[in-house]
Amino acid sequence: DGRLTFYPGNQTVDLPFINFMRRYGTVFLNAYTNSPICCPSRAAMWSGLFTHLTESWNNFKGLDPDYVTWMDLLEKYGYHTQKYGKLDYTSGHHSVSNRVEAWTRDVDFLLRQEGRPMVNLTGDRKHVRVMEADWRNTDKAVNWIKEEAINLTQPFALYLGLNLPHPYPSPYAGENFGSSTFLTSPYWLEKVTYEAIKIPKWSSLSEMHPVDYYSSYTKNCTGEFTKQEVRNIRAFYYAMCAETDAMLGEIISALRDTGLLKKTIVIFTADHGELAMEHRQFYKMSMYEGSSHVPLLVMGPGIKKQQQVPNVVSLVDIYPTMLDIARIPVPQNLSGYSLIPLLCGKAENEASPRGPRPSWVLSEFHGCNVNSSMYMLRTGKWKYIAYSDGHSVLPQLFDLTALPDELTNVAIKFPVIVRSLDKILRSIVNYPKVSSSVQEYNKRQFIRWKQSLGQNYSNVIANLRWHQDWLKEPKKYESAIDKWL
């Protein structure tokens, strides 16, 4: 959640290396994901293109494996490149459940797809390395800096992808049941200030926007939660962020120890945030701030220190920024704009040859846990969210300055604003047409998958992540699918 990287969010948890980056670099106060889920978000970051252009519709469908990323271009232009850890931007990954849930979201049924969010405390006060796989990748990156990068005669680009602070798989809920366990050790939990944790206000289930209700239900969050449960989920999430910060610290320390820090640009960002029980949801897949607002901090030579940038930016801006840093010509067809003018504190009129950066960012979502394609336009104080074809589901409008908790949809109150923002949105993306092509894709993919299983179809679908709900009335849900098809 990007809001943890600046005041007042960072009062909740001690993030010393995020604070180090703020002191010696620039923090973006309004950075957004272009799609609040892993694979489509990363596809946007690696391609510099909006989700509807790459057709990265869900966690199963990302970029083609041979897609030319900014890192490929850096390599072509003489950079030594190295990647460690989670990449997750090409097609074909994630579980069968994941893709079938995304494909069947237009089916008229409500099935819980996630385990109920819960916490799990492991180890003792000395247990530092909780997420072992991430620490192993961090060690690899550190060793690479100390053994390889220091001896290079050419410039380098190093990418480290972490899993944390993603919730862990939920073994209690059966195989293949998503990741809803917030896990940490007492060592990290002590970095969290419990008194500073805000308990989010919730709308009543009956007042919820229909898409929010569907999300809360499929995420298994419509049951009763005590204040203590909610506070713990949030505290454990913040503790997981503290562990992530320590891995960032290992990289910064390795660069400092080798004398490379003063000539290396360091960028810290994320593919999406975590709702951590805001809006009666956990996880991502939402346009609310907890899910769509990401961290973005940059430090290094030429980057303005102790700068806070209020402009709206998004992950598609990484691609042109990387090329700009390396002085490689930036393709004209990109969705993003270089961040270099903002990072160096230059006036906007010194911007790229493409003209000034737009005053809006776009995020869109077409995957599971949401029963409609959604499109978010963020500009100035407004956040506008349109759904599906633009009229069958009511839009949402939030004034983030007056009501930052996004509990009051003011779309009906400001019809003129809604019309003008919808016009801007349609000038960027023909969203009713995109929604329709996603629906066609979902149906086509599902039919192909169903046919590949033959007679075994019913058995397989009954054992997916929603099995606990499905098995209560399997015939009802099968006929709902038949009706949809």
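Residues numbered from 1 in each chain as written. Predicted model: local features only at pLDDT ≥ 70, side-chain atom pairs only at ≥ 80, totals over all residues. Heavy atoms only, no water.

Participant: For this particular structure, what's the right way to read the overall build of the protein chain?
Facilitator: Looking only at helices and strands, the protein chain features 17 helices and 13 strands. Against the globule reference of 23 Å for 485 residues, the protein chain gives a C-alpha radius of gyration of 22 Å, in line with a compact fold. In terms of overall dimensions, the protein chain has C-alpha extents of about 65 × 55 × 50 Å along its principal axes. A total of 485 residues make up the protein chain; the buried ones form 58% of that total. In the protein chain, the proportion of contacts linking residues at least 24 apart, taken out of those at least 6 apart, comes to 73%. Surface exposure of the protein chain reaches about 20,500 Å², of which carbon and sulfur atoms provide 52%. Here the protein chain holds 53 positive side-chain charges and 48 negative ones, and the gap between their average locations is 3 Å. (Helix = DSSP H or I, 4+ residues; strand = E, 2+ residues; numbered from the N terminus. Rg over C-alpha atoms; globule rule 2.2 N^0.38 Å. Buried < 20%, exposed > 50% of the residue type's maximum accessible area, 1.4 Å probe, protein only. Contact = heavy atoms within 4.5 Å. Areas by Shrake-Rupley, 256 points an atom, 1.4 Å probe, with all protein chains shown as cover. Lys, Arg positive; Asp, Glu negative; His and termini not counted. Charge placed at Lys NZ, Arg CZ, Asp CG, Glu CD.)

Participant: For this particular structure, what's the right way to read the pattern of salt bridges?
Facilitator: Opposite charge on two side chains permits pairing when their charged atoms draw close. Across all of its chains, the model carries 17 salt bridges by this definition. With its nearest N and O atoms 3.0 Å apart, the salt bridge here joins aspartate 317 to arginine 357. With a gap of 40 residues between them, aspartate 317 in the loop between β9 (307-314) and α11 (318-325) and arginine 357 in the loop between α12 (340-343) and β10 (360-365) connect regions that are remote in the sequence. The partner of glutamate 406 in a salt bridge is lysine 383, with the nearest N and O atoms 2.7 Å apart. Separated by 23 residues along the polypeptide, glutamate 406 in the loop between β13 (396-399) and α13 (415-428) and lysine 383 in strand β12 (residues 382-387) bring together distant segments of the chain. Accessibility classification places glutamate 406 together with lysine 383 in one group, the buried group. Taken together, the shared-partner salt bridges in this structure form one network comprising Asp1, Arg3, Arg234 and Glu278. (Salt bridge = Lys/Arg side-chain N within 4 Å of Asp/Glu carboxyl O.)

Participant: I'm lost on the pairing of strand β1 (residues 25-32) in this one. Help?
Facilitator: Moving residue by residue along a regular strand, the side chains alternate between the two faces of the sheet. Of all eight residues that make up β1, eight are buried, and the element is covered over most of its length. Relative to strand β8 (residues 296-299), β1 is paired through three bridges, and the arrangement is antiparallel. Each bridged residue has a counterpart across the sheet, and for valine 27 the counterpart in β8 is leucine 297. By the bridge criterion, six bridges tie β1 to β9 in an arrangement that is parallel. Residue pairing in the sheet places valine 27 in a bridge with glutamine 308 of β9. (Pairing = 2+ DSSP bridges.)

Participant: Explanation requested: the environment of aspartate 389 in the structure shown.
Facilitator: With respect to the helices and strands, aspartate 389 occurs in the loop between β12 and β13. Looking at aspartate 389, the relative accessible area reads 25%, which means it is partly exposed. Residues aspartate 389 and methionine 374, 15 residues apart in the sequence, show an inter-C-alpha distance of 9.5 Å. Sequence-distant contacts of aspartate 389, defined by excluding residues within four places in its chain, comprise Arg426, Tyr431 and Pro432. Within the structure, aspartate 389 has its side chain in polar contact with the backbone nitrogen of histidine 391 (distance 3.0 Å). (Polar contact = N/O pair within 3.5 Å; in protein donor to acceptor, adjacent residues only side chain to side chain.)

Participant: When you look at the packing of helix α5 (residues 96-103) against helix α14 (residues 431-453) in this model, what are you seeing that I'm missing?
Facilitator: Working note: a packed helix pair is described by the angle between its axes plus the distance between those axes. Packing of α5 against α14 brings their axes to within 8 Å, and their N-to-C directions diverge by 135°. In terms of orientation, α5 and α14 fall into the oblique class. With respect to the hand of their crossing, α5 and α14 are arranged in left-handed fashion. Side by side, α5 and α14 meet where Val96, Val100, Ala102 and Trp103 of the first sit next to Tyr441, Asn442, Gln445, Phe446 and Trp449 of the second. Of the residues in the contact of α5 with α14, the class split is seven nonpolar, two polar and no charged. (Axes fitted to C-alpha atoms, helices over the stretch in contact; angles between N-to-C directions. Parallel < 35°, antiparallel > 145°, perpendicular 65-115°, else oblique. Left-handed = near helix turned anticlockwise from the far one by under 90°. Nonpolar A, V, L, I, M, F, W, Y, C, P; charged D, E, K, R; others polar.)

Participant: Could you clarify how one ought to interpret the domain arrangement of the protein chain in this entry?
Facilitator: Taken domain by domain, the protein chain consists of domain 1 (16-359) and domain 2 (451-484). Summarising the inter-unit geometry, the C-alpha centres of domain 1 and domain 2 are found 33 Å apart. Between domain 1 and domain 2, the contact holds 21 residues from the first and 13 residues from the second. Of the roughly 1,600 Å² buried between domain 1 and domain 2 on both sides combined, carbon and sulfur atoms contribute 63%. A per-residue breakdown of the area domain 1 buries against domain 2 is headed by Phe109, Leu111 and Arg112, which together make up 31% of the total. Counting across the interface, domain 1 meets domain 2 through five residue pairs in polar contact (both at pLDDT 80 or more). (Domains from an automatic or database assignment. Buried area = accessible area lost by both parts, 1.4 Å probe.)

Participant: Looking at this structure, how should I read the environment of lysine 219?
Facilitator: Turning to its location among the elements, lysine 219 is positioned in the loop between α8 (210-218) and α9 (227-257). A relative accessible area of 0% places lysine 219 in the buried class. On a C-alpha basis, the gap between lysine 219 and proline 415 in space is 32 Å, while along the polypeptide they are 196 residues apart. Once residues lying within four places of it in the same chain are set aside, the contact partners of lysine 219 are Glu114, Gly115, Pro117, Leu275, Gln281, Phe282, Tyr283, Lys284, Met285 and Asn369. Only 2.7 Å separates the side chain of lysine 219 from the backbone oxygen of lysine 284, close enough to count as a polar contact.

Participant: What exactly am I supposed to notice about α13 here?
Facilitator: Residues separated by three or four positions in an α-helix point in the same direction, a consequence of the helix having 3.6 residues per turn. Taking 1.5 Å as the rise per residue, α13 with 14 residues should run 20 Å; its terminal C-alpha atoms sit 20 Å apart, in good agreement. Among all positions in α13, only Val418, Leu421, Asp422, Leu425 and Ile428 are buried. When α13 is viewed along its axis, its buried side chains cluster within an angular range of 115° and face the same direction. Those residues of α13 that are exposed and angled more than 90 degrees off the buried face are Val416, Arg419, Lys423 and Ser427. Each element contacted by the buried residues of α13 is listed here: α3 (51-54), β10, β11 (374-379), β12, β13 and α14. (Expected span 1.5 Å × (residues − 1). Arc of directions from axis to C-beta.)

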